[in-house]
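Okay, here's what each chain looks like letter by letter:
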Amino acid sequence: MSRRVVVTGVGLLSAVGNTAAETWRAICEGRSGITRITQFDASQFACQIAGEVKGFDPLTYIERKELKKMGRFIQLAIAATEEAMANARFSVTPENAGRTGVYIGSGIGGFEVIEREHLVLLQHGPRRISPFFIPATIVNMASGYVSIRTGAKGPNSATATACTSSAHAVGDSFKIIQRGDADAMICGGAEACISPMGIGGFAAMRALSTRNDAPEKASRPWDLNRDGFVVGEGSGILILEEMESATRRGAPILAEICGYGMSADAFHFTAPSEDGDGGRRVMCNALKDAGIRPEDVDYINAHGTSTDVGDRIETLAIKRCFGDHAYKLAVSSTKSMTGHLLGGAGGLEAGLTVLAIRDQIAPPTANYETPDPQCDLDYVPNHCRSMQIRYALSNSFGFGGTNGSLLFRRYRPD
């Protein structure tokens with residue numbers, strides 16, 4: 001019999017808060033954190049808005065001499081990890097170090113460092129490139145630094161599967177514990193690519209909202225007048241533990257993770273197939289993994305990016321997976337307030353899904369004003385909802401057609 005896995009801690013940084021409590025409060029209030037970009041001069045860009053983490057001081061967590069060795073995504077991951085471990089009342093000790101792992105994903109990694117050092121190369125030549133350039137940028141260094149700082153010596157890995165990166169990190173960590181290769185995993189994701197190349201690249205694809213004069217209204221999943229997604233930054237880290245181990249130490253158990261699905265669209269490098277088959281299969285795979293019926297699910301934290309095609313096809317995928325029960329589900333997109341954290345989205349949204357189960361509150365979809373006839377589910381418009389949430393899904397879909405779905409349930413010790 002496979003081992004049960006529970007969530008004992010959540011750490012979050014986002015455009016709406018620098019802690020899990022701040023973020024969750026803002027989400028429940030339906031407050032958007034999307035503003036005009038301050039990290040660089042975006043006045044010449046088609047998109048001039050983003051979901052920036054505000055007031056973050058890395059020196060609160062990291063010694064000054066260490067900062068130059070880390071891209072911003074690593075700094076955010078370290079901060080979220082410290083919060084998650086504190087909330088879980090979990091520490092790595094000589095006794096549990098070998099059974100504690102780290103698995104943190106990122107879609108792009110230290111993008112701003114790459115841009116900065118390339119400019120150094122062009123202006124000053126190769127000898128002026130920082131010796132910390134490579135380790136400050138590569139995706140696995142968020143996991144690496146967290147492992148070094150905490151002393152966790154168990155499985156250590158990272159995912160770079162575009163916008164599904166941290167969902168895969170959480171799902172893979174669940175399976176690592178379930179099969180007995182670790183007793184605890186520090187897992188999730190981080191992203192920080194609000195930079196000229198990051199915003200410029202997505203804008204060149206015409207994927208971003210250009211609602212520059214009303215940033216807080218720009219991310220509007222499923223609304224008829226949506227015009228693209230908004231890039232966000234931040235981190236979401238979860239502490240997963242084997243249930244009996246967590247119970248023995250008296251850990252606060254927030255929810256149980258009970259299912260994990262993966263699938264590939266095998267269709268197009270950025271767009272999902274029109275029949276929603278990849279999204280359908282990934283959700284059905286998560287339900288199958290947990291051994292539950294579609295009717296058991298009450299809430300979905302959807303991928304819901306605010307793109308025309310993506311929102312429409314995710315709606316179709318939900319209908320195909322859940323049948324008539326799709327119209328009884330509460331489905332919301334918290335990206336309407338945080339923006340899209342790309343590779344960090346799955347970690348943030350998994351954490352929000354856990355908090356939704358803990359408090360029995362479905363967070364809203366902000367800015368839902370004009371229904372799209374092709375998107376006709378219950379999107380929890382504009383206001384959070386107190387409701388029974390027994391099982392909840394968190395969806396992540398990425399470029400290249402890579403999909404991940406995490407299934408959580410309200411914890412029951414029996």
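Above: the structure in question.
If you're wondering where the values come from, they're calculated on a predicted model, not measured in any experiment. (Residues numbered from 1 in each chain as written. Predicted model: local features only at pLDDT ≥ 70, side-chain atom pairs only at ≥ 80, totals over all residues. Heavy atoms only, no water.)

## Some words on the side chain of Glu83
Right, on to step 1. Position of Glu83 relative to the elements: it lies in helix α3 (residues 72-88).
Right, on to step 2. Buried within the structure, Glu83 lacks any salt-bridge partner; its nearest side chain of opposite charge belongs to Arg358, at an N-O separation of 8.9 Å.
Right, on to step 3. Contacts of Glu83, omitting those with residues within four sequence positions, involve Val10, Gly11, Leu12, Thr19, Ala20 and Ala21. (Helix = DSSP H or I, 4+ residues; strand = E, 2+ residues; numbered from the N terminus. Buried < 20%, exposed > 50% of the residue type's maximum accessible area, 1.4 Å probe, protein only. Lys, Arg positive; Asp, Glu negative; His and termini not counted. Salt bridge = Lys/Arg side-chain N within 4 Å of Asp/Glu carboxyl O. Contact = heavy atoms within 4.5 Å.)

## Here we look at the sheet that holds strand β8 (residues 255-264)
Right, on to step 1. The strand order β5-β4-β6-β7-β1-β8-β14-β13-β9-β10 describes an open sheet built from 10 strands, whose pairing is mixed. On the outer flanks of this sheet lie β5 (156-157) and β10 (330-332), each paired with one strand and no other.
Right, on to step 2. In terms of strand pairing, strand β1 (residues 5-13) meets strand β7 (residues 234-242) through 8 bridges, oriented antiparallel. Along β7, the bridge assignment pairs Val10 with Leu238.
Right, on to step 3. Along the sheet, α3 makes contact with β1, β4 (100-105), β6 (184-191) and β7, crossing β1 at roughly 130°. (Pairing = 2+ DSSP bridges. Axes fitted to C-alpha atoms, helices over the stretch in contact; angles between N-to-C directions.)

## Re the layout of surface pockets
Right, on to step 1. In this structure, the largest pocket occupies an estimated 600 Å³ of space.
Right, on to step 2. Thr270, Pro272, Thr307, Gly310 and Phe399 are the residues nearest the centre of the largest pocket, which is lined by 32 residues in total.
Right, on to step 3. Of all the secondary structure elements, the ones that give two or more residues to the lining of the largest pocket are α10 (277-290), α11 (308-322) and β13 (391-398).
Right, on to step 4. With 6 residues, α11 is the single largest residue contributor to the lining of the largest pocket.
Right, on to step 5. Split by residue class, the lining of the largest pocket holds 13 nonpolar, 14 polar and 5 charged. (1 Å grid on protein atoms, 1.4 Å probe; cavity = no way out; pocket = protein on both sides within 12 Å on 5 of 7 lines; lining within 4 Å. Points joined across faces, edges and corners; volume = space filled by probe spheres on them. Nonpolar A, V, L, I, M, F, W, Y, C, P; charged D, E, K, R; others polar.)

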